[in-house]
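Observations on the model geometry
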Amino acid sequence: MQLKSAVQWIPHPDGYWILRNPEDITCIQVDDFDKQVILQLSQQPLTNILAEYDLDLEDVQNLLKDLAQAGMLEGTKPPKAKFNLLSFTIPLVNPDVLLSRHIDKIRWIWTWEFGFFLCAFIASSVAVWFGIRSISRGSREKK
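In short, a report on the structure.

Conventions adopted
- Residues numbered from 1 in each chain as written.
- Predicted model: local features only at pLDDT ≥ 70, side-chain atom pairs only at ≥ 80, totals over all residues.
- Heavy atoms only, no water.
- Salt bridge = Lys/Arg side-chain N within 4 Å of Asp/Glu carboxyl O.
- Helix = DSSP H or I, 4+ residues; strand = E, 2+ residues; numbered from the N terminus.
- Buried < 20%, exposed > 50% of the residue type's maximum accessible area, 1.4 Å probe, protein only.

1. Description of the pattern of salt bridges
Enumeration over the complete set of coordinates arrives at 4 salt bridges. Where lysine 4 meets aspartate 24, a salt bridge forms, and the shortest distance between an N and an O atom there is 3.1 Å. On the criterion of sequence distance, the pair formed by lysine 4 in the segment before strand S1 (8-11) and aspartate 24 in the loop between strand S2 (17-21) and strand S3 (26-30) is long-range, its members being 20 residues apart. With relative accessibility at 19%, the residue aspartate 24 sits in the buried group. The partner of lysine 77 in a salt bridge is aspartate 24, with the nearest N and O atoms 3.3 Å apart. In this pair, lysine 77 sits in the loop between helix H3 (57-69) and helix H4 (96-106) while aspartate 24 sits in the loop between S2 and S3, placing the two residues 53 residues apart along the sequence. Residue classification places lysine 77 among the exposed positions, given a relative accessible area of 64%.

Laid out in structure tokens, this is it:
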């Protein structure tokens, strides 16, 4: 069992791994133990992996099933989603490349300071709008 060459291992700060397939836009979450088992699948026979990691065949089969359903293994594709009128997507552009290249330039957007000033700006804009609205109503009533 071989992972697709495009599959990426992304470490998460909470201690687990995200296995991402950018071709099919699928992800699965695995822990360190599962990551080691997945990496060994292409290097050792299954019987050696079962013995080395003290696993049942059913555990490895479930892991392989999850990998296959997410389209992570060579020769597999994730199942196409059925059309749902309430939830459908139209793929236009994958912004990952652009955002990954420029993330350091826009990281300030996710700071609490920016959030505070954005809320203050919106609140003051609404206050000015209400003020202008009340002035214009007052001038119309005088006529």
